[in-house]
Amino acid sequence: MHRALIIGGSLGGLLAAHLLRAAGWHAVVFERNEEELTGRGVGLGTHPQLVAVLRRVGIAFDETMGVRVSRVVCLDRGGKVIAEQPMARTMSAWSRLYHALLDALPSQDYRLGKRLIQIEQNDKAVTAAFADGSRERGELLVGADGIRSTVREQFLPQAQPVYAGYVAWRAVLDEQRVPPDVHPQIFELYAFCLPEGEQLLGYPVPGRDNDTAIGRRGYNIVWYRPVDSSALVDMCTDASGRYHAGGIPPPLIRNEVIKRVKADATALLAPQIAEIFLRAEPFFQPIYDVESPALVFGRVALAGDAGFVARPHIGAGATKAAIDAAVLAQSLRAAGEDLHAALARFESSQLPFGRDMVALSREQGVYLSAQIKGRDQSQAAQRDVEMLLHAHGTRSDQIATMVAARGLNAYL
Ligand SMILES: Cc1cc2nc3c(=O)[nH]c(=O)nc-3n(C[C@H](O)[C@H](O)[C@H](O)COP(=O)(O)OP(=O)(O)OC[C@H]3O[C@@H](n4cnc5c(N)ncnc54)[C@H](O)[C@@H]3O)c2cc1C
């Protein structure tokens, strides 16, 4: 049986492993973390293509996978609903999907503590060298190692993440901790607040232990705020003065930074949302674009966030990783023994699709990026609340149109 080395054990790597196995490969996942990635991650958007791919690998997307929302609203600073539209989406959680995928994989094929440092290849095989001194050999290597991919860095060092000019503050509060007067007003809703130059959305998600039962869910907040590059350096510097260029781990964010964002929440947000945010432990994630100019290098392919990172506005990171994995597996199956033909087919379809997804997500963030570019540009990028809600309500349709336009339905 052909062997595939999958670098990265998050959603992209797990999806690739499952689909390659279904296509007859022996896929083994190598993750740099020493421990399972449990307990990290927050809310995660889903779209029908992700559901279809999960079903293909035997994972049912039932009511335990997420919380359904049926309305999207926009709240003003006083907490009044100023716009409202229907919207059918299931909001899941990163760890819910991670566990469903991990539990379905044989444990000996998910190797922790394996940090890739170097790839070597020839016309017969590819070898991965790890930081612990071990080496693994296979016929194919899939780089599913995320936004700062070591695999991409080796082949395309110039393809670096580009900072979009804003960060996403993220927070989840246990349903039981949502104040009883706030809960009926907000909990079941997908809600926007639009402070000047900013954007916040909140929605219910599976709670701790991935529970979707009433009373045990969580409320997830994503708050996009413009931050120029020098202010970002300050926010990414911990109390000991150390700067974390690749993103500061949440526990190291300085108290004064947290205090400042909570004070801003009180001043700028609808009170229902502010009440939730103030009780949570927020952390932030700088927003970047990544567009790799190539996805295949001999026996090596990039998938998921290693190839393209679409901003979180379209909630499609996991969906895109699932489509990448499905196209890769189907291309391998269709090409029989001709690995290079399969990879060429994968790249020719997933390069334009990745660019489409990044472009769609960037469109949604134009307004936020414009805020640090001076008054003229930020005024030119004005928002229309009804259009914003409509775009969110029809997001899955937009993605379905792109998938169909690139002929990808045949792979799902
Ligand atoms: C812990 C975690 C929590 C997340 N939470 C959310 C969330 O709540 N909501 C959301 O929308 N998205 C979340 N994401 C991002 C989301 O998983 C991705 O946007 C998307 O699903 C595509 O995933 P990916 O597997 O391609 O990349 P990623 O999810 O970024 O995974 C890359 C994986 O590769 C591993 N890795 C990196 N370098 C190496 C190396 N040299 N050797 C071996 N392994 C390596 C990383 O440790 C990581 O596990 C999270 C990612 C992680 C890792």
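Residues numbered from 1 in each chain as written. Predicted model: local features only at pLDDT ≥ 70, side-chain atom pairs only at ≥ 80, totals over all residues. Heavy atoms only, no water.

Draft legend 1. Seen up close, the packing of helix 9 (residues 317-335) against helix 10 (residues 339-370). The N-to-C vectors of helix 9 and helix 10 enclose an angle of 155°; their axes lie 8 Å apart at closest approach. Taken together, the axis directions place helix 9 and helix 10 in an arrangement best described as roughly antiparallel. The interaxial crossing formed by helix 9 with helix 10 has right-handed handedness. Contacts between helix 9 and helix 10 involve K320, I323, D324, V327, L328, S331, L332, A334 and A335 on the former and, on the latter, L339, A341, A342, L343, R345, F346, S349, Q350, F353, G354 and M357. (Axes fitted to C-alpha atoms, helices over the stretch in contact; angles between N-to-C directions. Helix = DSSP H or I, 4+ residues; strand = E, 2+ residues; numbered from the N terminus. Parallel < 35°, antiparallel > 145°, perpendicular 65-115°, else oblique. Left-handed = near helix turned anticlockwise from the far one by under 90°. Contact = heavy atoms within 4.5 Å.)

Draft legend 2. Molecular detail of unusual backbone geometry. Even without being a glycine, D209 presents a positive backbone phi close to 60°. Note on placement: D209 falls in the loop between strand 13 (199-205) and strand 14 (218-226). Even without being glycine, N210 reaches a positive phi, approximately 60°. Structurally, N210 can be placed in the loop between strand 13 and strand 14. Judged by its relative accessible area of 17%, N210 is buried. (Buried < 20%, exposed > 50% of the residue type's maximum accessible area, 1.4 Å probe, protein only.)

Draft legend 3. Here's a closer look at the site of the ligand. Not every one of the 29 residues close to the ligand is listed here, only the nearest: S10, G12, E31, V42 and D305. At 2.8 Å from a nitrogen atom of the ligand is found a side-chain nitrogen or oxygen belonging to T150. One nitrogen or oxygen atom from the side chain of D305 is found 2.7 Å from an oxygen atom belonging to the ligand. Protein chains bury 86% of the 910 Å² of accessible surface belonging to the ligand in isolation. Mapped by element, the contributors of at least two residues to the shell around the ligand are helix 1 (11-22), strand 3 (43-45) and helix 9. (Near = heavy atom within 4 Å. Polar contact = N/O pair within 3.5 Å; in protein donor to acceptor, adjacent residues only side chain to side chain. Areas by Shrake-Rupley, 256 points an atom, 1.4 Å probe, with all protein chains shown as cover.)

Draft legend 4. Structural view of the sheet that holds strand 5 (residues 81-93). Read from one edge of the open sheet, nine strands run 3-5-4-12-13-14-11-15-18, paired in mixed fashion. Sheet topology places strand 3 and strand 18 (308-309) at the edges, where each strand pairs with a single neighbour. As defined by bridge partners, strand 4 (residues 67-75) adjoins strand 12 (residues 190-193) across four bridges and the pair is classed as parallel. Bridged to C74 within strand 12 is F192. (Pairing = 2+ DSSP bridges.)

Draft legend 5. Region of interest: the packing of aromatic side chains. Inspection of every chain in the model, using the stated rule, returns ten aromatic pairs. Measuring from ring centre to ring centre gives 5.9 Å for Y166 and Y224, while their planes differ by 80°; the resulting arrangement is edge-to-face. One end of the pair, Y166, is in strand 11 (residues 162-174); the other, Y224, is in strand 14, and 58 residues separate them in sequence. Grouping residues by exposure puts Y166 and Y224 together as buried. When the ring of F187 is compared with that of Y219, the centres are 5.6 Å apart and the planes differ by 50°; the resulting orientation is tilted. Note that F187 is positioned in the loop between helix 5 (183-186) and strand 12 and Y219 in strand 14, a separation of 32 residues in sequence. A residue is classified by how much of its surface remains accessible, and F187, at 0% relative accessible area, is buried. Against the face of F130 rests K114, its NZ or CZ located 5.8 Å from the ring centre. Here the guanidinium or amino end of R148 rests over the ring plane of Y288, the centre of that ring lying 5.0 Å away. (Phe/Tyr/Trp six-rings, centres within 6.5 Å; stacked < 30°, edge-to-face > 60°. Lys NZ or Arg CZ within 6 Å of the ring centre and 35° of its normal.)

Draft legend 6. Seen up close, the sheet that holds strand 10 (residues 140-143). Taken together, the six strands give an open sheet; going across it, the order is 6-2-1-10-17-16, and neighbouring strands pair in mixed fashion. Of all the strands in the sheet, the pair left with one neighbour each is strand 6 (110-111) and strand 16 (296-297). Of the pairings in the sheet, the one linking strand 10 to strand 17 (residues 300-302) comprises three bridges and is parallel in character. Across the sheet, G143 pairs through a bridge with L302, a residue of strand 17. In the packing of helix 1 onto the sheet, contacts are made with strand 1 (3-7), strand 2 (26-30), strand 6 and strand 10, and the angle to strand 2 comes to roughly 165°.

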